[in-house]
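# Structural features, examined
Chain by chain, the residues:
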Amino acid sequence: MDGQEVRKVVIAGGGTAGWIAAAALSRQLGRLLDITLVESDEIGTVGVGESTIPTARSFNALLGLDEREFMRATQATFKLGIAFEDWARLGDRYLHSFGQIGTSTWIADFHHFWLEARARRIAGGLGDYCFELQAAEAGKFATGPDAAINYAYHLDATLYGRYLRERSERQGVSRVEGKIGQVEQDPESGFIRALVLESGARIEGDLFIDCTGFRGLLIEQTLKAGYEDWGQWLATDSALAVQTGSVGPALPYTRAIAHEAGWQWRIPLQHRVGNGLVYSSAHMDDDAAQALLMAKLEGDALTEPRVIRYRTGRRRKTWEKNCVALGLASGFVEPLESTSIHLIMIAVTRLMQMFPFSGISEPVVRRFNDQAQNELERIRDFIILHYKLTERDDSAFWRQCRDMDVPATLADRIGLFREAGFAYQASDDLFRVDSWVQVMLGQRLEPLGNHQVSRLMPPERMQQSLADLKSKIAAAVQRMPTHQDFIEQYCAPIPA
Ligand SMILES: Cc1cc2nc3c(=O)[nH]c(=O)nc-3n(C[C@H](O)[C@H](O)[C@H](O)COP(=O)(O)OP(=O)(O)OC[C@H]3O[C@@H](n4cnc5c(N)ncnc54)[C@H](O)[C@@H]3O)c2cc1C
């Protein structure tokens, strides 16, 4: 494709994506590369994206972050899952936790045994057998070198960007402030050669990372990589975000509360709560959305509500010529399962693993794009699942979701679970079997069957082992401190 050596990396954009890329590349490959990041204070960042999933912990380790320092700097709290309220029916509530549920055998996952126990009327709720879920419901949390608990973070997006910027600059990244006015391409190959700022400054590079957000200044406006729209499955296209003061102890989970034309998030941080209303503009106008959001706030608003427009879908090629798009520039599946920051982290990791030091080649680009597509499509299916499996009939939005056709890959999964209780984690699938099961059952998809190996277990033994597991989990949760107390002793910001 272009046999030119790659040494000079230029990152366009300094939102979460830009600074994650800068921090990771400078930490892992900084001695081999020359890295510059361009950002515009005038344009600013999207300013949302505060709920993460557990993969953020391993990525933080890759960045060499100290957890307490990171949490203090970003006013972070711990997250054990997401509570879904009013999704399948008004009044419903379930928690999609990050925990493992029970113990599976190599023939059948735990939920098959649980379904059997439920049919025999000797089972508690599925969540009784998940430590993280019980800890979340009790508002408890603890971690440490010996603690086996799977968790993620809620963090302040602006503080996170600032924190990563400081580290990146210490690790040798040059930051340039200014607005990119023009993108210069090689007339023959179409490769990007330089970014020209409105100030006239010219920044040359071998590889460009497009982190310019929804506008995709390099990948789309310049290279026309194309966009696949997923609006027929994911109908929301707008969000309103506002921050409020905390009114009580921070919950160790995100809340996702469905409303007549979308859903509302509540993300508890140490110093405030992030709130947002996600909606379909075809079913609710901005004024009605704002009125609904403001009516449902629990604390005093600290900021003015801001409307954010988006188009769910994916960039057809996230790597095109010598440009790799990350973050919102690469696509957006909507924030329901907090997967965007994860997707940035996984894409940066893949880029570092496949880094084209001696020139960009077609097979590398193809492999990168194929993996990105597979991962994103599996996440897309998981998110559509929440909408499709609704029984709500109270608004045009929910009726549309309930009646829509879904991608064949998802229709197959739903069919498999309905018929036989089977759920699986495909390769490139971020979500584990426990996640699929929690959401399918939480959304009232009732399997007609389950693996018959579970019937071989005598009822008394089944009852005893479920009771033992439940009481072991309850006792462990009982011994834990509250989430709020744990944060205060573990990572509260040190007063200046
Ligand atoms: C409503 C909503 C809720 C979300 N919630 C979550 C969540 O809970 N969890 C999660 O993981 N993700 C979430 N996301 C996604 C998350 O916000 C993004 O993935 C993340 O913030 C990365 O954004 P970004 O860096 O790609 O873009 P931005 O933050 O938009 O950054 C773009 C950067 O490019 C710069 N730029 C643009 N044009 C120019 C130019 N011409 N010259 C110079 N600089 C330029 C800007 O100044 C800025 O620095 C959410 C997104 C939305 C819309």
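For the protein chain, the name recorded in an unreviewed UniProt entry is Tryptophan halogenase, with Allosphingosinicella deserti as its organism.

## Here we look at the pairing of strand β11 (residues 207-210)
Each regular strand displays side chains that alternate between the two surfaces of the sheet. The alternating pattern of β11 places Leu-207 and Ile-209 and Phe-208 and Asp-210 on opposite faces, both of which are buried. In this sheet, strand β20 (residues 323-325) lies alongside β11 in parallel orientation, the contact comprising three bridges. Bridge pairing in β20 places Ile-209 opposite Val-324.

## Regarding the pattern of salt bridges
Within the structure shown, the criterion is met by 38 salt bridges. Close ionic contact of Arg-175 with Glu-39 constitutes a salt bridge, the shortest N to O distance being 2.5 Å. Remark: Glu-39 occurs in strand β2 (residues 34-39) and Arg-175 occurs in strand β7 (residues 174-177); sequence separation between them is 136 residues. The exposure class assigned to Arg-175 is partly exposed, which follows from its relative accessible area of 22%. Overall, the relative accessible area of 11% leaves Glu-39 in the buried class. Between Asp-381 and Arg-380 there is a salt bridge, and its shortest N-O distance comes to 3.0 Å. Salt bridges sharing partners connect three or more residues here, namely Glu-39, Asp-41, Arg-175 and Glu-177.

## Focus on the side chain of Thr-236
Along the chain, the position of Thr-236 falls in the loop between β12 (227-229) and β13 (238-244). We classify Thr-236 as buried; its relative accessible area is 1%. There is a polar contact of 2.6 Å between the side chain of Thr-236 and the side chain of Tyr-310. At a separation of 3.0 Å, a polar atom in the side chain of Thr-236 contacts the side chain of Glu-334. Apart from residues lying up to four places away in sequence, Thr-236 is in contact with Gly-262, Val-278, Tyr-279, Ser-280, Tyr-310, Thr-312, Glu-334, Tyr-387 and Phe-397.

## So, the sheet that holds strand β9 (residues 192-197)
Read across the sheet, three strands follow the order β8-β9-β10 without closing on themselves; strand pairing throughout is antiparallel. Lying at the two open borders of the sheet, with one neighbouring strand each, are β8 (180-185) and β10 (202-204). Direction aside, the axes of adjacent strands within the sheet are offset by 20 degrees on average. In this sheet, β10 lies alongside β9 in antiparallel orientation, the contact comprising three bridges. Looking at β10, one finds that Ala-194 is bridged to Glu-204.

## Some thoughts on the site of the ligand
Around the ligand there are 35 residues in total, and Gly-14, Val-48, Ser-51, Ile-180 and Ile-341 lie nearest to it. Between the ligand and Cys-211 there is a distance of 3.3 Å, counted from an oxygen atom to a backbone nitrogen or oxygen. One of the backbone N or O atoms of Leu-328 is found 2.9 Å from an oxygen atom in the ligand. For the ligand, whose unbound accessible area comes to 1,000 Å², protein coverage reaches 97%.

## Structural notes on the UniProt feature "binding site: FAD" (unreviewed entry) in the protein chain
In the numbering adopted here, UniProt assigns the feature "binding site: FAD" (unreviewed entry) to Gly-14, Gly-15, Thr-16, Ala-17, Leu-328, Glu-337 and Ile-341. The largest pairwise C-alpha distance within this set of annotated residues, which runs over 328 residues, is 23.5 Å, so the set is dispersed in three dimensions. Within the secondary structure, Glu-337 is located in the loop between β21 (331-332) and α8 (340-353). Glu-337 gets classed as buried once you look at its relative accessible area, which sits at 2%. Setting aside anything within four residues of it in sequence, one finds Glu-337 in contact with Ile-53, Ile-82, Phe-84, His-96, Phe-382, Ile-383, His-386, Phe-431 and Val-439. A polar side-chain atom of Glu-337 sits 3.1 Å from a polar atom in the side chain of His-96. On the accessibility criterion, Ile-341 (7% relative accessible area) is buried. Apart from the residues lying within four places of it in its own chain, the contact partners of Ile-341 are Thr-16, Ile-20, Gly-49 and Thr-52.

## What about the sheet that holds strand β15 (residues 262-268)?
Read across the open sheet, the seven strands follow the order β5-β4-β14-β15-β16-β13-β17; overall the sheet is mixed. At either margin of the open sheet sits one strand with a lone partner, and together these are β5 (93-97) and β17 (306-309). Strand after strand, the sheet turns through a mean of 20 degrees between neighbouring axes, direction not considered. Note: β15 against strand β16 (residues 273-279), seven bridges, orientation antiparallel. Counted as the bridge partner of Trp-265 is Gly-276 from β16.

## A short note on helix α1 (residues 16-29)
Between its first and last C-alpha atoms α1 spans 19 Å; for 14 residues at 1.5 Å apiece the expected length is 20 Å, and the two agree. Most of α1 sits inside the fold, with twelve of its 14 residues counted as buried. When we look at burial in α1, the residues that qualify are Thr-16, Ala-17, Gly-18, Trp-19, Ile-20, Ala-21, Ala-22, Ala-23, Ala-24, Leu-25, Ser-26 and Leu-29.

Rules behind the numbers
- Residues numbered from 1 in each chain as written.
- Predicted model: local features only at pLDDT ≥ 70, side-chain atom pairs only at ≥ 80, totals over all residues.
- Heavy atoms only, no water.
- Buried < 20%, exposed > 50% of the residue type's maximum accessible area, 1.4 Å probe, protein only.
- Helix = DSSP H or I, 4+ residues; strand = E, 2+ residues; numbered from the N terminus.
- Pairing = 2+ DSSP bridges.
- Salt bridge = Lys/Arg side-chain N within 4 Å of Asp/Glu carboxyl O.
- Polar contact = N/O pair within 3.5 Å; in protein donor to acceptor, adjacent residues only side chain to side chain.
- Contact = heavy atoms within 4.5 Å.
- Axes fitted to C-alpha atoms, helices over the stretch in contact; angles between N-to-C directions.
- Near = heavy atom within 4 Å.
- Areas by Shrake-Rupley, 256 points an atom, 1.4 Å probe, with all protein chains shown as cover.
- UniProt positions renumbered as here; feature names shortened; annotations may be inferred.
- Expected span 1.5 Å × (residues − 1).

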